[in-house]
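Examining the three-dimensional arrangement
In case you want the letters, here they are:
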Amino acid sequence: MSGSLSAALIPLLHQHQKQHGYISKESMKDFAAKLGVSPGQVESTATFYSMFRFEPENRHSVDICTGISCMLRGSDDLLAQTSKLIGEPVNGFKATHSTDGEWSVREVECLGACSCAPVVAVDGEYYEDAVPADMKKLLQSYKKGRPPVPGSLRKREIGEMKPRTALKK
Ligand code: FES
């Protein structure tokens, strides 16, 4: 797919997901018809990006990056803690949906913020330098409708090499 076609498609996918919560096969066919490309081209572009959903989700989505930088900085512990909090084992790259209707949690490949690993995205907002103890507070604040300001959970300034508070293992 050409860059200009991607540039046209991605905003449409974002808008559709914002309105409907996910992108169905049918909607991908509609986009393909509108843009004059094959449904396969739309699907291959959409599925390349971890921010797009292809099935209905619970109220909040939690993406835990398990790319190499995040894995080396403790993403497995974040997964284990999140599994405990939602009462379900997080099932790899396929979303796990909590039975209370609140959480859809999945592992994702690199979120593109490796220098601030490990990174968790909640409803698309990035929280960086996360440790397992952060997860309870993070989920509770989203549940209450008062999400924290995105960014480093250790108050790292842009360009700072190390977080001000040491990461705990
Ligand atoms: S590996 Fe996690 S943000 Fe890149």
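Note that the structure is predicted; figures quoted are calculated from it, not measured.

1. Side note on the overall build of the protein chain
When helices and strands are counted, the protein chain shows six helices and six strands. In sequence order, the secondary structure elements of the protein chain are arranged as α-α-α-β-α-α-β-β-β-β-α-β. Computed over C-alpha atoms, the radius of gyration of the protein chain comes to 17 Å, within 12% of the 15 Å expected from 2.2 N^0.38 for 169 residues, which places it in the range of a compact globule. For the protein chain, the C-alpha atoms occupy an extent of roughly 50 × 40 × 25 Å along the three principal directions. Within the protein chain, buried positions represent 28% of all 169 residues.

2. Side note on the domain arrangement of the protein chain
Reports often express the size of an interface as the amount of accessible area lost when the parts come together. In terms of domain boundaries, the protein chain breaks down into domain 1 (3-48) and domain 2 (60-152). Between the C-alpha centres of domain 1 and domain 2 there is a distance of 26 Å.

3. Digging into the sheet that holds strand 2 (residues 96-97)
Strand order in the open sheet made by the six strands is 2-3-1-4-5-6, with mixed pairing throughout. Strand pairing shows two members of the sheet lacking a second neighbour, strand 2 and strand 6 (151-152), which therefore form its edges. Where strand 1 (residues 60-65) meets strand 3 (residues 103-108), six bridges bridge the pair, whose relative direction is parallel. Note on strand 3: the bridge partner recorded for Ser-61 is Ser-104. Against the sheet, helix 5 (residues 75-86) engages strand 1, strand 3 and strand 4 (120-122), with an angle of about 155° to strand 1.

4. Comments concerning the packing of helix 2 (residues 25-35) against helix 3 (residues 39-48)
Each packed pair of helices is defined by two parameters, the angle between the axes and the distance between the axes. Where helix 2 meets helix 3, the axes come as close as 8 Å, and the angle between the chain directions of the two elements is 115°. The interaxial crossing formed by helix 2 with helix 3 has right-handed handedness. Contacts from Met-28, Lys-29, Phe-31 and Ala-32 in helix 2 reach Pro-39, Gln-41, Val-42, Glu-43 and Ala-46 in helix 3.

5. A few points about the nonpolar core
Within the largest apolar cluster, 27 residues are counted, with the highest numbers of intra-cluster contacts made by Ile-64, Val-105, Val-119, Val-120 and Ala-130. The residues touching Ile-64, leaving out its near neighbours within four places in the chain, are Ser-75, Leu-78, Leu-79, Thr-82, Val-105, Glu-107, Val-108 and Val-120. By size, the runner-up hydrophobic cluster in this structure holds six residues, among which are Ile-23, Met-28, Val-42 and Ala-46.

6. Observations concerning the pairing of strand 5 (residues 125-128)
Pairing geometry for strand 4 and strand 5, over three bridges, is antiparallel. Considered in strand 5, the bridge of Val-122 is made with Glu-125. Across two bridges, the pairing between strand 5 and strand 6 is parallel. By the bridge assignment, Tyr-127 is partnered in strand 6 with Gly-151. You can see the chain leave strand 5, run along helix 6 (residues 132-143) and come back into strand 6, and the turn it takes is left-handed.

7. Examining the environment of Ala-133
Among the secondary structure elements, Ala-133 is positioned in helix 6. Taking the C-beta count within 10 Å as the criterion, Ala-133 has 12 such neighbours and is therefore assigned exposed.

8. Observations regarding unusual backbone geometry
Cis geometry is adopted by the peptide bond preceding Pro-118, which originates at Ala-117 and carries an omega value of 0°. Note that Pro-118 resides in the loop between strand 3 and strand 4. Even without a glycine there, the phi angle at Asp-129 is positive, about 55°. Tracing the sequence through the fold places Asp-129 in the loop between strand 5 and helix 6.

Parameters at a glance
Residues numbered from 1 in each chain as written. Predicted model: local features only at pLDDT ≥ 70, side-chain atom pairs only at ≥ 80, totals over all residues. Helix = DSSP H or I, 4+ residues; strand = E, 2+ residues; numbered from the N terminus. Rg over C-alpha atoms; globule rule 2.2 N^0.38 Å. Buried ≥ 20, exposed ≤ 12 C-beta atoms within 10 Å, placed from the backbone. Domains from an automatic or database assignment. Pairing = 2+ DSSP bridges. Contact = placed C-beta atoms within 7 Å. Axes fitted to C-alpha atoms, helices over the stretch in contact; angles between N-to-C directions. Left-handed = near helix turned anticlockwise from the far one by under 90°. Core = buried A, V, L, I, M, F, W, Y, C linked by C-beta atoms within 7 Å. Right-handed = clockwise from strand over helix to strand, strands pointing away.

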